[in-house]
Amino acid sequence: MLTLELLQKMLLTAAVALKENVIPLCELDSVAGDGDHGLTIGRMADAIKQRVESGASADIKELLDDLSMDFMGVNGGSAGPLWGTVFGGFAEGVDEGATELDTAAVHKMLEQAKEDFMDISKAKPGDKTMVDALYPALDAGIACSGDTKAIFTAMAAAANKGAEATANMVARFGRAKNVGERSLGYKDPGAVSMALLLTKMAEAI
């Protein structure tokens, strides 16, 4: 069962790890981007910590919705709006007032997030973007019939596999596509940060 308290713990654990990886993520982003991805992720980690510790969100839907808005308001690159869309989709897939979600409800949350993200992003798996970690993770979670721990563990494994695979891809989307073959051998920072988020959320359960 995914309770509000457990989700808060998962998010706080992820926020600590994201904050610790600001510099490595910036270094990775400097290969094909403008080198600020880690700074943006750091700001989002701060937003997670502040939102969860405030205790202002009364239920799961409200917490996810509040985080979506917080991410949308973060300055720096596309990560804020993209993560905001993911969390907004999570929120949309959760019933009003819910403080705990069973397996079917978690599946609904993940399905809605994928649907919403696909509505706004033209990126496809293989383009060397966050999608290479996000879509496999969501699909793995939806396909997993186990409990919350099993679902998020499956998502983390799929996200990490997807992020690792981006090292062998040539960027075909966004600013990174301008460097072409030079992006080979380096993982996509957006995929890496998404995998890190899901990995630490799973470890906290």
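What counts, and where the lines are drawn
Residues numbered from 1 in each chain as written. Predicted model: local features only at pLDDT ≥ 70, side-chain atom pairs only at ≥ 80, totals over all residues. Heavy atoms only, no water. Helix = DSSP H or I, 4+ residues; strand = E, 2+ residues; numbered from the N terminus. Rg over C-alpha atoms; globule rule 2.2 N^0.38 Å. Salt bridge = Lys/Arg side-chain N within 4 Å of Asp/Glu carboxyl O. Axes fitted to C-alpha atoms, helices over the stretch in contact; angles between N-to-C directions. Contact = heavy atoms within 4.5 Å. Nonpolar A, V, L, I, M, F, W, Y, C, P; charged D, E, K, R; others polar. Phe/Tyr/Trp six-rings, centres within 6.5 Å; stacked < 30°, edge-to-face > 60°. Buried < 20%, exposed > 50% of the residue type's maximum accessible area, 1.4 Å probe, protein only.

**Structural notes on the overall build of the chain**
Looking only at helices and strands, the chain has nine helices and two strands in total. Mapped from its N terminus to its C terminus, the chain presents α and β elements in the order β-α-α-α-α-α-β-α-α-α-α. A globule of 205 residues ought to have a C-alpha radius of gyration of about 17 Å, and the chain, at 16 Å, matches this closely. Principal axes of the C-alpha set define a box for the chain whose edges measure 50 × 35 × 30 Å.

**Observations concerning the pattern of salt bridges**
Charged atoms that come close allow side chains of opposite charge to pair. All told, the structure shown has eight salt bridges when counted by the stated rule. A cluster of three or more residues bridged by salt bridges with shared partners is formed by Arg 51, Asp 66 and Asp 70.

**A word on the environment of Thr 13**
Relative to the elements of secondary structure, Thr 13 occurs in helix H1 (residues 4-20). Separated by 184 residues in the primary sequence, Thr 13 and Leu 197 place their C-alpha atoms 8.9 Å from one another.

**Description of the packing of helix H2 (residues 22-32) against helix H3 (residues 37-54)**
At a minimum axis separation of 6 Å, H2 and H3 run at an interaxial angle of 145°. For the pair H2 and H3, contact is made by Val 22, Leu 25, Cys 26 and Asp 29 and by His 37, Gly 38, Leu 39, Ile 41 and Gly 42, respectively. Its residues assigned to classes, the contact of H2 with H3 shows five nonpolar, three polar and one charged.

**Quick notes on the packing of aromatic side chains**
Counted according to the given criterion, the structure contains four aromatic pairs. Their ring planes at 85° and their centres at 5.9 Å tell us that Phe 71 and Trp 83 sit as a pair that is edge-to-face. Here Phe 71, found in helix H4 (residues 60-72), pairs with Trp 83, found in helix H5 (residues 79-92); they are 12 residues apart in sequence, far enough to count as distant. One exposure class covers both Phe 71 and Trp 83, and it is buried. With 5.1 Å between their ring centres and 85° between their planes, Phe 71 and Phe 87 make a pair best called edge-to-face. Of this pair, Phe 71 sits in helix H4 while Phe 87 sits in helix H5; the two residues are 16 residues apart in sequence, bridging distant segments of the chain. Neither Phe 71 nor Phe 87 differs from the other in exposure class; each is buried. These aromatic residues form a ring-pair network of at least three members: Phe 71, Trp 83, Phe 87 and Phe 90.

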